[in-house]
Amino acid sequence: MDARTAELLGSALSASGPIVFLTGAGVSAESGIPTFRGAEGYWRVGSTNYRAEELATYEAFSRMPEEVWAWYLYRRGVCRAARPNAAHLALVDIERSLEARFLLVTQNVDGLHLRAGSSPERTYQIHGNIDFMRCEDEHPRVRPIPESIPFDWPKAHALGDVERAALRGCARGAWARPHVLFFDESYDEALFRFESTLRAMKEAAALVVVGTSGATTLPAHAVDLAVRRRIPLVVINQDQSPFTEAAGRSPAGHVLLGTAGQHLPPIASFLRGAR
Ligand code: NAD
C-alpha cells in the first residue's frame, strides 16, 4: 500500500466516526459478474436491444414485466454461481479490524458481501438484493424469490406457467417485483437505508470508494459530503470516473488506479496491523 493511503487511513483511525466503504459492480467483476458497462449490460427483447439503464426501470417493468423478470432471473443465476473474491474477503477482514467503526454501503445486488461474511448490521444494500422480491402493497416487506424458480436460468429464457404463478403471488394476482432500486425510482430508508447512509457520511472519518462508475445519486451524495467535509477520500477504480475526479479535487483525496482485488487486501493488512 502506498504512503499516501497509509497517511489518510492513519489520520482517520485517530479521528472519530465511522470509516465508510462504498462498493459498486467493479468489486464483483473479479467474481465473474459483469458490470453494467460490460457486454451483459445489453439485453435483447424481441428485435430491440436495451441498455441496462433502460431495462432496470419501473417504466420497463410495468410495460413488459415478463421480459424484465427473465433478465433479473438470468442475472440472479449468474450471481448465485459466483464466489466472493479477494476484495469481498478483504472487506470482511477490515470489518473485523474496525468493528463498530466499520460501515459497508454497497450498490451491488448480488449478495456477495454477505455471503463472504460481512455482517448484515453493518452492510447497507442501498440498491436491494437480487435474491428477493416484494409486493407493492406490502412495503417494506421483502421475501425470497420462491424455490420453484430455478437458479440456473438460461439466457433469454421466457417465463413459463410455474414462474408466472410464483411471481404473480401478490394481492389480486398482481406481479411481485424484483427487490432492487430501479433507475427511475427514489431511495427510501425502510428498504434502502437512505437517511442512515447520509447520517453516517455526516459523521464519517473517511470514505473509501471501490469499483463504481459514479452514475447513481446516493453514492454521489456520499462522495460530495466527503469532499465538502474534507475527510480522507480514497477511490479505487480501474478507470477514471467522476469519483476519481472528485478525489483529485479534494485536499484529502487520493486515487488508487487498479482493481479492487489488487488494492483492498493491502488496506486490510494495514488496518489489521493498526488494531
Ligand atoms: P457500473 O457498472 O456503472 O460501474 C462499474 C465500475 O467499476 C466502473 O467504473 C469500472 O471502471 C469499475 N471496475 C470494473 N472492474 C473493476 C475492478 N476489477 N476493480 C475496480 N474497479 C473496477 O456499476 P455501479 O457503479 O456499481 O452502478 C450501476 C448499477 O449497477 C448499480 O445500481 C448496481 O446495483 C448495478 N449492478 C450491480 C451488479 C452487482 O450486483 N454485481 C452488477 C452490475 C450492475
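Up top is the structure.
The structure contained in this document is the topic of the report that follows. (Residues numbered from 1 in each chain as written. Predicted model: local features only at pLDDT ≥ 70, side-chain atom pairs only at ≥ 80, totals over all residues. Heavy atoms only, no water.)

Considering the state of the cysteines
Enumeration according to the criterion identifies one disulfide in this entry. A sulfur-sulfur distance of 2.1 Å marks the disulfide that ties Cys135 to Cys170. Handedness of the Cys135-Cys170 disulfide follows from its S-S torsion of about -85 degrees: it is left-handed. Highlighted residues: Cys135 in the loop between β6 (128-134) and β7 (143-144) and Cys170 in the loop between α8 (161-167) and β8 (177-180), separated in sequence by 35 residues. Here the two residues Cys135 and Cys170 agree in accessibility, since each one is buried. (Disulfide = S-S within 2.5 Å. Helix = DSSP H or I, 4+ residues; strand = E, 2+ residues; numbered from the N terminus. Buried < 20%, exposed > 50% of the residue type's maximum accessible area, 1.4 Å probe, protein only.)

Considering the pattern of salt bridges
Counted according to the given criterion, the structure contains 15 salt bridges. Here Arg177 ties to Glu185 by a salt bridge, and the two come within 2.6 Å at their closest N and O atoms. Assessed through its relative accessible area of 1%, Arg177 is described here as buried. Residues joined by salt bridges that share partners form a network here, namely Glu66, Asp161 and Arg164. (Salt bridge = Lys/Arg side-chain N within 4 Å of Asp/Glu carboxyl O.)

Thoughts on the packing of helix α10 (residues 194-203) against helix α11 (residues 217-229)
At a minimum axis separation of 9 Å, α10 and α11 run at an interaxial angle of 15 degrees. One way to sum up the angle between α10 and α11 is to call them roughly parallel. Viewed along their axes, α10 and α11 form a crossing whose handedness is right-handed. Every residue of α11 that contacts α10 at Phe194, Thr197, Leu198, Met201, Lys202 and Glu203 is listed here: Leu218, His221, Ala222, Leu225, Ala226 and Arg229. By residue class, the composition of the contact of α10 with α11 is seven nonpolar, two polar and three charged. (Axes fitted to C-alpha atoms, helices over the stretch in contact; angles between N-to-C directions. Parallel < 35°, antiparallel > 145°, perpendicular 65-115°, else oblique. Left-handed = near helix turned anticlockwise from the far one by under 90°. Contact = heavy atoms within 4.5 Å. Nonpolar A, V, L, I, M, F, W, Y, C, P; charged D, E, K, R; others polar.)

Quick look at the site of the ligand
Near the ligand, the surroundings consist of 25 residues, among which Gln107, Asp110, His127, Thr212 and Ser213 are the closest. Within the contact set of the ligand, an oxygen atom lies 3.1 Å away from a side-chain nitrogen or oxygen of Asn237. Contacts to the ligand include Asp239, whose side-chain N or O atom sits 3.1 Å from an oxygen atom. The dominant element in the shell around the ligand, judged by the number of residues it contributes, is helix α2 (residues 26-29), at three residues. For the shell around the ligand, the residue count by class is seven nonpolar, 14 polar and four charged. (Near = heavy atom within 4 Å. Polar contact = N/O pair within 3.5 Å; in protein donor to acceptor, adjacent residues only side chain to side chain.)

Quick look at the pairing of strand β2 (residues 42-45)
Burial of the side chains of β2 is restricted to one face: Trp43 and Val45 are buried, whereas none of Tyr42 and Arg44 on the reverse face is. Taken together, the four bridges between β2 and strand β3 (residues 48-51) define a ladder with antiparallel strand orientation. Looking at β3, one finds that Tyr42 is bridged to Arg51. Where β2 folds back on β3, the antiparallel hairpin that results is connected by two residues, among which Gly46 adopts a positive phi of roughly 60 degrees. (Pairing = 2+ DSSP bridges.)

Some words on the side chain of His88
By secondary structure assignment, the location of His88 is in helix α6 (residues 86-98). For His88, the side chain forms a polar contact with the side chain of Ser28, separated by 3.3 Å. Engagement of the side chain of His88 in a polar contact is seen with the backbone nitrogen of Asn85, the distance being 3.0 Å. Among all residues touching His88, those that are not within four sequence positions of it are Val27, Ser28, Ser31, Leu112, His113 and Ala116.

So, the sheet that holds β7
Taken together, three strands build an open sheet; the order of strands is β7-β6-β8 and the sheet is antiparallel. Edge positions in the open sheet fall to β7 and β8, since each of these has one partner strand only. Across two bridges, β6 lies against β7 in antiparallel orientation. The residue of β7 that forms the bridge with Met133 is Arg143. Helix α5 (residues 65-81) rests against β6 and β8 of the sheet, and its axis sits at about 135 degrees to β6.

Digging into unusual backbone geometry
Cis geometry marks the peptide bond from His139 to Pro140, where omega comes out at 5 degrees. Considering the arrangement of structural elements, one finds Pro140 in the loop between β6 and β7. Unusually for a residue other than glycine, Ala156 sits at a positive phi of about 60 degrees. One can find Ala156 in the loop between β7 and α8. Of the residues examined, Ala156 reaches a relative accessible area of 62% and is grouped as exposed. For Arg193, which is not glycine, the phi dihedral falls at a positive 60 degrees. Residue placement: Arg193 occurs in the loop between α9 (189-192) and α10.

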